[in-house]
Amino acid sequence: MTRIKRGYIARRRRTKIRLFASSFRGAHSRLTRTITQQKIRALFSAYRDRGRQKRDFRRLWITRINATIRGNCIYYSYNILIKNLYKGQLLLNRKILAQIAILNRNCLYTISNEILK
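Since this is a predicted model, take the numbers as computed values, not measurements.

1. A short note on helix 2 (residues 32-72)
A rise of 1.5 Å per residue sets the reference length of helix 2, with its 41 residues, at 60 Å; its end C-alpha atoms lie 59 Å apart and thus fit the reference within 8%. Turning to helix 2, its buried residues are Thr34, Ile35, Ile65, Thr68 and Ile69. Tucked inside the fold, the buried residues of helix 2 contact helix 1 (9-20), helix 3 (78-87), helix 4 (94-103) and helix 5 (105-116).

Pasting the structure below:
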């Protein structure tokens, strides 16, 4: 009986996993089982942290807007500014407001004065 050679499919699958983990250290980039576990862990962390990143940036923007507003005493607080923005139907998101607050404070003061009128 002749020898049966195995196919290439399993090797191709393992190679693909190894390429993903090539930057990992130690056994995490060499052993197939460990690579698979680390891949699952890495992808889960990436998924979890995408949501966390959105949350963190939103908190940063709110903090920047609030600091600028309180520094010049335009409004007493951030939430009053946002409430008046919605009342005035001026749809600027927090990211844009934070950029305006950092780069061009006078523009933010102008926007807030327009809302008050």
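2. A few points about unusual backbone geometry
Look at glutamine 89: it is not a glycine, yet its phi comes out positive at around 55°. Within the secondary structure layout, glutamine 89 lies in the loop between helix 3 and helix 4.

3. Let's talk about the nonpolar core
A general trend in soluble globular proteins is that nonpolar side chains are found buried together. One finds Ile65, Leu81, Leu85 and Leu97 to be the most contacted residues of the largest nonpolar core, which totals 13 residues. Apart from the residues within four sequence positions on either side, leucine 97 is in contact with Ile65, Ile82, Leu85, Leu92 and Leu108.

4. Quick look at the pattern of salt bridges
Inspection of the entire model under this criterion finds two salt bridges. With a closest N to O distance of 3.2 Å, aspartate 49 and arginine 48 form a salt bridge. Residue arginine 48 is classed as partly exposed on the basis of its relative accessible area, which comes to 35%. When the shortest N-O distance is used, the salt bridge between aspartate 49 and arginine 52 registers 3.8 Å. Of the two residues, aspartate 49 and arginine 52 are both situated in helix 2; the distance of three residues between them amounts to about one turn of the helix. Given the relative accessible area of 39%, arginine 52 is considered partly exposed.

5. A word on the packing of aromatic side chains
Inspection of every chain in the model, using the stated rule, returns two aromatic pairs. Geometrically, the ring pair formed by phenylalanine 20 and phenylalanine 24 is edge-to-face, given 6.2 Å between the ring centres and 85° between the ring planes. Residue phenylalanine 24 is classed as partly exposed on the basis of its relative accessible area, which comes to 24%. Between the aromatic rings of phenylalanine 57 and tryptophan 61, the centroid separation amounts to 6.0 Å while the plane-to-plane angle is 35°, which identifies the pairing as tilted. Of this pair, phenylalanine 57 and tryptophan 61 both sit in helix 2, four residues apart, roughly one helical turn. Using a relative accessible area of 21% as the deciding quantity, one classes tryptophan 61 as partly exposed. Between lysine 39 and the ring centre of phenylalanine 20, over which it is positioned, the NZ or CZ distance is 5.4 Å.

Calculation notes
- Residues numbered from 1 in each chain as written.
- Predicted model: local features only at pLDDT ≥ 70, side-chain atom pairs only at ≥ 80, totals over all residues.
- Heavy atoms only, no water.
- Helix = DSSP H or I, 4+ residues; strand = E, 2+ residues; numbered from the N terminus.
- Expected span 1.5 Å × (residues − 1).
- Buried < 20%, exposed > 50% of the residue type's maximum accessible area, 1.4 Å probe, protein only.
- Contact = heavy atoms within 4.5 Å.
- Core = buried A, V, L, I, M, F, W, Y, C linked by side-chain atoms within 4.5 Å.
- Salt bridge = Lys/Arg side-chain N within 4 Å of Asp/Glu carboxyl O.
- Phe/Tyr/Trp six-rings, centres within 6.5 Å; stacked < 30°, edge-to-face > 60°.
- Lys NZ or Arg CZ within 6 Å of the ring centre and 35° of its normal.

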